[in-house]
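A closer look at the structure
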Amino acid sequence: ARYVIPDVIVRKQRDRWMAVINPASLPRLRLNRAYADACGSRNGANQSLARHLQEGRWLLRSVVEGFGTHQRVPDAIVARQRGFFEYGAVAMKPLTLKLIAGELGLHESTVCRVTNSKYMATPRGLLEFKHFFSRKLATDSGRAASATAVRAVMREMMRAAAPGAPLFH
């Protein structure tokens, strides 16, 4: 059995569902203070070390900015799938990577990368991000339902049916 650390924790706070990045899933990056101080105190004696220090600071800043995207994507998913958190799979809405990407002004491949092999700890269990993306199915009324919601409704109907009695004629 493989232990999975959730990347995001979803919880309800003041009647609102929130996605919070799990601090345990974040990389622990920092510049070595002794080397940074040594580079700064040489008064330009070693241009190469100073350039590497500047690149290291740039890399750290880029990583921190990238985590802004890692927060925005689960925020958008949780906002779109609020019904799921309240009522379960029967309330799952159709959702695509493309829709989230358009909403956030990102490329679809960025959303794919942010959600790939990532997990959300929810009151309904530990779920892979891809669980929240479900195909759209047309209904007789002209509206749309997610494939996940349709499967959940069918499961409920089968559970409620009398043993041995056919559900459909």
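Sequence order as written defines the numbering, with residues in each chain counted from 1. Local features in a predicted model are, by the rule used here, given only for residues with pLDDT of at least 70; side-chain atom pairs are given and counted only at 80 or more, and totals for whole chains, interfaces and linings are based on all residues. Based on all heavy atoms of the structure, the side-chain values leave hydrogens and waters out of the count.

1. Section: the packing of aromatic side chains
Stacked, edge-to-face and tilted labels apply to pairs of Phe, Tyr and Trp rings (six-membered ring for Trp) whose centres lie within 6.5 Å, assigned for plane angles under 30 degrees, over 60, and everything in between, in that order. As enumerated under the stated definition, the model contains four aromatic pairs in all. An aromatic cluster is present here, built from Trp17, Phe84, Phe85 and Phe132 joined pairwise through their rings.

2. Brief notes about the layout of surface pockets
By volume, the largest pocket amounts to about 170 Å³. Looking at the largest pocket, the residues that line it are Arg16, Trp17, Met18, Ala19, Asp75, Val78, Ala79 and Arg82. Put simply, the parts of the chain that give the lining of the largest pocket at least two residues each are strand S2 (16-21) and helix H2 (47-80). Broken down by element, the residue count for the lining of the largest pocket peaks at four residues, all from S2. The pocket and cavity definitions rest on a 1 Å grid over protein atoms only: a 1.4 Å probe that fits but cannot leave marks a cavity, an open set with protein on both sides within 12 Å along at least five of seven lines marks a pocket, and residues lining either have an atom within 4 Å of a point. Grid points are joined across faces, edges and corners, and a volume is the space filled by probe spheres set on the points. Put simply, DSSP marks the helices as runs of H or I at least four residues long and the strands as runs of E at least two long, and each gets a number from the N terminus on.

3. Brief notes about the sheet that holds strand S4 (residues 125-128)
Taken together, four strands build an open sheet; the order of strands is S2-S1-S3-S4 and the sheet is mixed. Each edge of the open sheet carries a strand with a single partner, namely S2 and S4. Ignoring which end each strand starts from, the neighbouring axes of this sheet average 30 degrees apart. Where strand S3 (residues 119-122) meets S4, four bridges bridge the pair, whose relative direction is antiparallel. The residue bridging Thr122 from the neighbouring strand is Gly125, located in S4. One requirement defines pairing of two strands: DSSP has to find at least two bridges between them. Between N-to-C directions, angles cover 0 to 180 degrees, with each direction set by a line fitted to C-alpha atoms, over the stretch in contact for helices.

4. A closer look at helix H4 (residues 97-104)
Those residues of H4 lying buried are Ile100, Ala101 and Leu104. All buried residues of H4 lie within an arc of 100 degrees about the axis, which places them on one face of the element. Along H4, exposed side chains directed more than 90 degrees from the buried face belong to Lys98 and Gly102. A contact between two residues is defined here by any heavy atoms of the two lying within 4.5 Å. Looking at the buried residues of H4, the elements they touch are H2 and helix H5 (108-115). Immediately downstream of H4, the backbone of Gly105 shows phi near 70 degrees, a positive value. For each residue, the accessible area found with a 1.4 Å probe, counting protein chains only, is set against the maximum for its type, and the residue is called buried under 20%, exposed over 50%, and partly exposed in between. Of all possible arcs, the one meant is that of the directions from the helix axis to the C-beta atoms.

5. Structural notes on a nonpolar patch on the surface
The patches reported here contain residues having more than 30% relative accessible area and no salt bridge. Joining distances are 9 Å for like charges and 5 Å for nonpolar side chains (Val, Leu, Ile, Met, Phe, Trp, Tyr). Per-residue and other accessible areas were derived by the Shrake-Rupley procedure at a 1.4 Å probe size, with only the shown protein chains allowed to occlude residues. By convention in these notes, a salt bridge is any Lys or Arg side-chain nitrogen within 4 Å of a carboxyl oxygen on Asp or Glu. Together, Tyr87, Val90, Val153 and Met157 make up an exposed nonpolar region whose accessible area comes to about 380 Å². Note that Tyr87 resides in helix H3 (residues 82-87). Residue Tyr87 is classed as exposed on the basis of its relative accessible area, which comes to 62%.

6. Details of the nonpolar core
With 23 residues, the main nonpolar core has Ile77, Ile100, Met120 and Phe132 as its most contacted residues. Going through the elements one at a time, strand S1 (8-13), S2, H2, H3, H4 and H5 are the ones with two or more residues in this core. Top contributing element to this core by residue count: H2, with four residues. With residues up to four places along the chain from it excluded, the contact list for Met120 reads Pro6, Val8, Val10, Pro74, Ile77, Val78, Gly125, Leu126, Leu127, Phe129 and Phe132. To form a nonpolar core, buried Ala, Val, Leu, Ile, Met, Phe, Trp, Tyr and Cys residues must be joined to one another through side-chain atoms within 4.5 Å.

7. Some thoughts on the environment of Val63
Structurally, Val63 is set in helix H2. Relative accessible area serves as the criterion here: at 25%, Val63 is assigned to the partly exposed category. Distance from Val63 to Pro27, taken between C-alpha atoms, is 9.4 Å for residues 36 residues apart in sequence.

8. Side note on the side chain of Thr148
Checked against the element boundaries, Thr148 lands in helix H6 (residues 147-160). Apart from the residues lying within four places of it in its own chain, the contact partners of Thr148 are Ala89, Met92 and Ser134.

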